[in-house]
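# Report on the structure
Now for the letters of each chain:
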Amino acid sequence: MGELILVRHGETQWSAVGRHTGRTDLPLTPTGSRAAEALGTVLARRAVIAAYSSPLQRATRTAQLAGLAPLTLDPDLVEWDYGGFEGLTSAEIRQRHPGWDLWRDGVVAGADGHPGETLAQVAGRADAAIARTRPRLVDGDVVVVCHGHLARVFAARWLGLDATAGRLLRHPRPAALSCLAVDDDQPTLSTWNVVPPS
């Protein structure tokens, strides 16, 4: 049985400085592009039988540069919709909301009234993506190119845990690989947050 390989997209201008980037569709930086190409060397050694990606350009470009084709775009793999916290760092959010914790407190509506997503909504999308990808592992490895918080929720749900358990996993670095597997019929975590040398 194969592994499900979670890939966080390469670096963007916002990820480089820790800005929450949900639905803002930013391109990769040159550093992000080089790191995505380095992923291709690692993934070429795997028995990849399918690849899925968030439709946002930072994810699709990462997948393209890593040589993943054909590629299925899956809207359930987009990042958490941060609502009024979009574009802010955690420090900036805590200046406005002292003690704020994304996993406990969630997000607030933006000035335009857009509410963003609850953790339960993000978990629902992760569950749907898992239901589509897990059966494919009988034939080999499956790559999922997505985003940092979505990857943490995805892994928690893969392991059968409440989505809040995603807080226990370190936020993946740009262009990091994390592998989920099944061992003796139990979902497991093989590796987490590994960045190939570029």
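Located above this text is the structure these notes cover.
Attention here is on the structure that accompanies the text.

Calculation criteria
Residues numbered from 1 in each chain as written. Predicted model: local features only at pLDDT ≥ 70, side-chain atom pairs only at ≥ 80, totals over all residues. Heavy atoms only, no water. Helix = DSSP H or I, 4+ residues; strand = E, 2+ residues; numbered from the N terminus. Expected span 1.5 Å × (residues − 1). Buried < 20%, exposed > 50% of the residue type's maximum accessible area, 1.4 Å probe, protein only. Contact = heavy atoms within 4.5 Å. Pairing = 2+ DSSP bridges. Core = buried A, V, L, I, M, F, W, Y, C linked by side-chain atoms within 4.5 Å. Polar contact = N/O pair within 3.5 Å; in protein donor to acceptor, adjacent residues only side chain to side chain. Salt bridge = Lys/Arg side-chain N within 4 Å of Asp/Glu carboxyl O. 1 Å grid on protein atoms, 1.4 Å probe; cavity = no way out; pocket = protein on both sides within 12 Å on 5 of 7 lines; lining within 4 Å. Points joined across faces, edges and corners; volume = space filled by probe spheres on them. Nonpolar A, V, L, I, M, F, W, Y, C, P; charged D, E, K, R; others polar.

### Some thoughts on helix H2 (residues 30-43)
If you check H2, its first and last C-alpha atoms are 20 Å apart, about what 14 residues at 1.5 Å a residue would give, namely 20 Å. If you check which residues of H2 are buried, you get Gly-32, Ala-35, Ala-36, Ala-38, Leu-39, Gly-40 and Leu-43. Buried residues in H2 make contact with strand E1 (4-8), strand E2 (48-53), helix H3 (57-65), strand E4 (141-146) and strand E5 (177-183).

### Comments concerning the sheet that holds E4
Pairing is mixed in the open sheet, where six strands are placed in the order E3-E2-E4-E1-E5-E6. Sheet topology places strand E3 (72-73) and strand E6 (186-194) at the edges, where each strand pairs with a single neighbour. Sheet analysis places E2 next to E4, joined by five bridges and oriented parallel. In the strand pairing of E4, Tyr-52 is matched with Val-144.

### Observations concerning the nonpolar core
Core analysis: the biggest nonpolar cluster contains 35 residues, and Leu-4, Leu-6, Leu-77, Trp-80, Val-153, Phe-154 and Trp-158 have the highest contact counts within it. At the level of secondary structure, the elements contributing two or more residues to this core comprise E1, E2, helix H5 (102-105), helix H6 (119-133), E4, helix H7 (148-158) and E5. When sequence neighbours within four positions are dropped, the list of residues in contact with Leu-77 reads Tyr-52, Ser-53, Ser-54, Arg-125, Ala-129, Val-144, Val-145, Cys-146, His-147, Leu-150 and Phe-154. Ala-59, Ala-63, Leu-68 and Val-145 belong to the second-largest nonpolar core, a separate cluster that totals 15 residues.

### Re the environment of His-147
Residue position: His-147 is located in the loop between E4 and H7. Counting along the chain gives 25 residues from His-147 to Pro-172, while the straight-line C-alpha distance between them is 8.4 Å. Among residues more than four places away in sequence, those in contact with His-147 are Arg-8, His-9, Ser-54, Leu-56, Arg-58, Ala-59, Leu-77, Val-78 and Glu-79. Within the structure, His-147 has its side chain in polar contact with the side chain of Ser-54 (distance 2.8 Å). Within the structure, His-147 has its side chain in polar contact with the side chain of Arg-58 (distance 3.4 Å).

### Focus: the pattern of salt bridges
Going through the model one piece at a time under the given rule, you end up with 10 salt bridges. The closest approach of N and O atoms between Asp-74 and Arg-132, which form a salt bridge, is 2.7 Å. Residue Asp-74 is located in the loop between E3 and helix H4 (90-96), and its partner Arg-132 is located in helix H6; the two are separated by 58 residues in the primary sequence. Between Arg-157 and Asp-127 there is a salt bridge; the shortest N-O distance is 2.9 Å. Within this pair, whereas Arg-157 is found in helix H7, its partner Asp-127 is found in helix H6, the two being separated by 30 residues in sequence.

### Describing unusual backbone geometry
A cis amide bond links Ala-69 to the next residue, Pro-70, at an omega of -5°. Structurally, Pro-70 is set in the loop between H3 and E3. Positive phi, close to 60°, is recorded for Ala-175, a residue that is not glycine. Mapped onto the elements, Ala-175 comes out in the loop between H7 and E5.

### Observations regarding the environment of Val-48
With respect to the helices and strands, the residue Val-48 is situated in strand E2. Classification of Val-48 by relative accessible area gives partly exposed; the value is 29%. Placed 95 residues apart in sequence, Val-48 and Val-143 show a C-alpha to C-alpha distance of 7.0 Å. The residues touching Val-48, leaving out its near neighbours within four places in the chain, are Leu-43, Leu-68, Asp-141 and Val-143.

### Digging into the layout of surface pockets
Roughly 320 Å³ of internal volume is contained in the largest pocket. Lining the largest pocket are 21 residues, and of these His-20, Tyr-82, Ser-90, His-149 and His-171 lie nearest its centre. Of all the elements in the fold, those that place two or more residues in the lining of the largest pocket are H4, H5 and H7. Considering each element in turn, the lining of the largest pocket owes the most residues, three residues, to H7. Classifying every residue of the lining of the largest pocket gives four nonpolar, 10 polar and seven charged.

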